[in-house]
Amino acid sequence: MKEVYLDNSATTKAYDSVGKIVAKVMCEDYGNPSSLHKKGVDAEQYIKGAKETFAKLFKVQEKEIFFTSGGTESDNLALIGTAMANKRAGNHLITTGIEHPAIINTMHYLEEQGFRVTFLPVDQDGRVKLDALKEALCDETILVSIMYVNNEIGSVQPIEEASKIVKAYNPKIIFHVDAVQGFGKYKIYPKKAGIDLCSISGHKIHGPKGTGVLYIDSKVKIKPIVFGGEQQKNIRSGTENVPGIAGLALAAKTIYESFDEKMETMRKLKAHFIEGVSKIDNTMIHGRFDESSAPHIISVGFKDVRSEVLLHALEEKGIYVSSGSACASNHPQVSGVLKGIGTGRDYLDSTLRFSMSEFTTLEEIDYTLDTIYNIVPMLRKYTRH
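I will try to describe carefully the structure that is included in this document. Residue indices follow the written sequence of each chain, beginning from 1 at its first position. Per-residue local features are limited, in this predicted model, to residues with pLDDT of at least 70; the limit for side-chain atom pairs, both in listing and counting, is 80 or more; totals at the level of whole chains, interfaces and linings are taken over all residues. Side-chain metrics in this entry use all non-hydrogen atoms of the structure; hydrogen atoms and water are not considered.

## Some details on the overall build of the protein chain
- Each helix is a run of H or I in the DSSP string that is no shorter than four residues. Each strand is a run of E no shorter than two, and both are numbered from the N terminus. Helices and strands together make up the secondary structure of the protein chain, namely 13 helices and twelve strands.
- For the radius of gyration, the atom set is restricted to C-alpha positions; the globular benchmark scales as 2.2 Å times the number of residues to the power 0.38. Taken over the C-alpha trace, the protein chain has a radius of gyration of 21 Å; the compact-globule value for 385 residues is 21 Å, and the two agree within 12%.
- In terms of principal-axis extent, the alpha carbons of the protein chain reach across some 65 × 55 × 35 Å.
- For the protein chain, the accessible surface area stands at approximately 17,400 Å², while carbon and sulfur atoms represent 50% of it.
- Positive residues here are Lys and Arg, negative ones are Asp and Glu, while His and the chain termini are left out of the count. To locate a charge, take NZ of a lysine, CZ of an arginine, CG of an aspartate or CD of a glutamate. With 47 positive and 48 negative side-chain charges, the protein chain shows a separation of 3 Å between the mean positions of the two kinds. Under the convention used here, a 1.4 Å probe and the Shrake-Rupley method define accessible areas, while residue burial counts only the protein chains that appear.

Have a look at this one:
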């Protein structure tokens, strides 16, 4: 049976080269980077090299790169670490209502700790309302967090515009960006964009799971949330995951090779898929789907077809997709993102996310479309009204 993987926003297949370097470091260069002997020094070189890689990609200083266990930890460290370190300056935090659970749930935790959180509304395309951001800022605001690309519908936020609004109001307010879905699809330069903190995840860019980066501007005041041996300047203690960090850096370097060609191919495939799926009656593409949206994410609602039923019907044909954020899929519930953009009831529980990578082919897209053409009408026949 043919296998088509269209759940790349949940996780990606690692590059072969990444798998090889991870294995090499695990089995050959396995020293503890804190050890003073040659094995330790050899291991430390991988970390230094990875810092160089990310510093070049972000156009920042190497001392501003910190390695974590992934996007969730990076988001937690960014939000909790800066909120706790700056609470004397104020207790007000701002984010959007369509963030990843790693942001939303962390903000709820901070509310329990006495912070006040404003969740900004978004428009029907899933873009934050900048007027609402202006209105929300106040003397007590210490942190604003806005994602780069929405993980469910692929909306791209006006990051630079938002940062300018925040910094014009008070340059001391810390601006955080969850770029887990944006890194590898866009060239991100934090200093230019006015970003103080930036989170990324390895397994979204063909790197190892359990790896991530948090860029922290050297001017940012932040407290650790993990305590131990004071590694990474005591910002993130714990023996570094050297194999993972080596693989993460190689993945980051590789994904930006022939970058423009990769993105152009992905956008053509996205346009082809949207044109094809739109031929089916009573379907809805959520958010924008032109070049102002992410190149790899397509969110489609199929009226009168439950998303879970269609997901498994496609799975039986070897096609793997998602019904929303994979991080929330173990606890099925109506998508906060779809509700946030004003999606009608007919599509709230009838939406699937198709997400591509540089490995996705036209043949796979056409096979998926042909399968959907056959399955959706059949499932609608059995829908109870």
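## Topic: the sheet that holds strand 7 (residues 197-201)
- For two strands to count as paired, DSSP must find a minimum of two bridges between them. Spatially, the seven strands line up as an open sheet ordered 2-8-7-6-5-3-4, and their pairing is mixed. At either margin of the open sheet sits one strand with a lone partner, and together these are strand 2 (65-68) and strand 4 (116-120). When the angles between neighbouring strand axes are averaged without regard to direction, this sheet yields 20°.
- Most of the contacts of helix 2 (residues 38-58) go to strand 2, to which it runs at about 120°, and overall it touches strand 2, strand 7 and strand 8 (212-216). Lines fitted to C-alpha atoms define the axes here, with helix axes fitted over just the stretch in contact, and angles between the N-to-C directions of these axes take values from 0 to 180 degrees. Pairs of residues are marked as contacts when any of their non-hydrogen atoms sit within 4.5 Å.

## Details of helix 4 (residues 101-112)
- Taking 1.5 Å of rise per residue, the twelve residues of helix 4 would be expected to cover 16 Å, and the 16 Å separating its terminal C-alpha atoms lies within 8% of that figure.
- Exposure categories follow from relative accessible area, calculated using a 1.4 Å probe and restricted to protein chains: below 20% of the type maximum is buried, above 50% is exposed, and the middle band is partly exposed. Listed in full, the buried residues belonging to helix 4 are Ala102, Ile103, Ile104, Thr106, Met107 and Leu110.
- Contacts from the buried residues of helix 4 go to helix 3 (71-85), strand 3 (92-96), strand 4, strand 5 (141-145) and strand 6 (174-178).
- A positive backbone phi angle near 105° is found at Gly114, which sits one or two residues after helix 4. Every helix has an expected span of 1.5 Å times one less than the residues it contains.

## A closer look at the packing of aromatic side chains
- Classification of ring pairs uses Phe, Tyr and Trp, with its six-membered ring standing for Trp, and accepts pairs whose centres are within 6.5 Å; under 30 degrees between planes counts as stacked, over 60 as edge-to-face, and the remaining range as tilted. Within the structure shown, the criterion is met by nine aromatic pairs.
- Their ring planes at 55° and their centres at 5.5 Å tell us that Phe58 and Phe183 sit as a pair that is tilted. Here Phe58, found in helix 2, pairs with Phe183, found in the loop between strand 6 and helix 7 (190-193); they are 125 residues apart in sequence, far enough to count as distant. Each member of the pair, Phe58 together with Phe183, is buried.
- Here, a charge over a ring means that NZ of Lys or CZ of Arg falls within 6 Å of the ring centre while also lying within 35 degrees of the ring normal. The residue whose ring lies beneath Lys39 is Tyr30, and the NZ or CZ to ring-centre distance is 4.4 Å.

## So, the sheet that holds strand 12 (residues 351-355)
- Across the sheet, which stays open at both edges, the three strands sit in the order 9-10-12 with antiparallel pairing between neighbours. Whereas interior strands pair on both sides, the edge strands pair on one side only; in this sheet they are strand 9 (283-285) and strand 12. Adjacent strand axes in the sheet meet at a mean angle of 25° when their direction is disregarded.
- In this structure, strand 9 lies alongside strand 10 (residues 297-302), joined through three bridges in antiparallel fashion.

## Concerning the environment of Ile280
- When you line up the elements, Ile280 lands in the loop between helix 9 (259-277) and strand 9.
- Measuring from C-alpha to C-alpha, the distance between Ile280 and Gly301 comes to 11 Å, with 21 residues separating the pair along the chain.
- Setting aside its immediate chain neighbours within four residues, Ile280 contacts Phe302, Ile372, Tyr373, Val376 and Arg380.

## So, the packing of helix 2 against helix 8 (residues 242-255)
- Following both chains from N to C, one finds helix 2 and helix 8 inclined at 30°, their axes separated by 9 Å at the closest point. Judged on the interaxial angle alone, helix 8 and helix 2 are roughly parallel. In this structure, helix 2 crosses over helix 8, and the sense of that crossing is left-handed. On helix 8, the residues that touch Ala43, Tyr46, Ile47, Ala50, Thr53, Phe54 and Leu57 of helix 2 are Val242, Ile245, Ala246, Leu248, Ala249, Ala252 and Lys253. In what follows, roughly perpendicular refers to angles from 65 to 115 degrees, roughly parallel to angles under 35, roughly antiparallel to angles over 145, and oblique to any angle outside these ranges. Two helices cross in a left-handed way if the nearer one is turned anticlockwise from the farther one by less than a right angle. They cross in a right-handed way if the turn is clockwise.

## Considering helix 9
- Taking 1.5 Å as the rise per residue, helix 9 with 19 residues should run 27 Å; its terminal C-alpha atoms sit 27 Å apart, in good agreement.
- Regarding helix 9, the residues found buried are Phe259, Lys262, Met263, Met266, Arg267, Leu269, Lys270, Phe273, Ile274, Gly276 and Val277.
- Where the residues of helix 9 are buried, they touch helix 8, strand 9, strand 10, strand 12 and helix 13 (362-381).

## Here we look at the nonpolar core
- Among the buried residues, those of types Ala, Val, Leu, Ile, Met, Phe, Trp, Tyr and Cys that are joined through side-chain atoms within 4.5 Å form a nonpolar core. Ranked by internal contacts, the top residues of the largest apolar core, which has 83 residues, are Phe54, Phe58, Phe302 and Phe354.
- No other element matches the eight residues that helix 8 contributes to this core.
- In this structure, Phe354 is in contact with Leu6, Phe273, His296, Ile297, Ile298, Val300, Phe302, Leu314, Val321, Thr368 and Ile372, ignoring residues within four places of it in sequence.
- Grouped together as the second largest cluster of nonpolar side chains are 21 residues, Ala78, Leu110, Leu214 and Ile235 included.

## Remarks on the pattern of salt bridges
- Only one rule defines a salt bridge in this text: a Lys or Arg side-chain nitrogen within 4 Å of an Asp or Glu carboxyl oxygen. Counted under the stated rule, the structure contains 13 salt bridges.
- Note that Arg236 and Glu73 form a salt bridge whose closest N and O atoms lie 2.7 Å from each other. Of this pair, Arg236 sits in the loop between strand 8 and helix 8 while Glu73 sits in helix 3; the two residues are 163 residues apart in sequence, bridging distant segments of the chain.
- Notably, a salt bridge pairs Asp349 with Arg306, separated by 3.3 Å at the nearest N-O pair.

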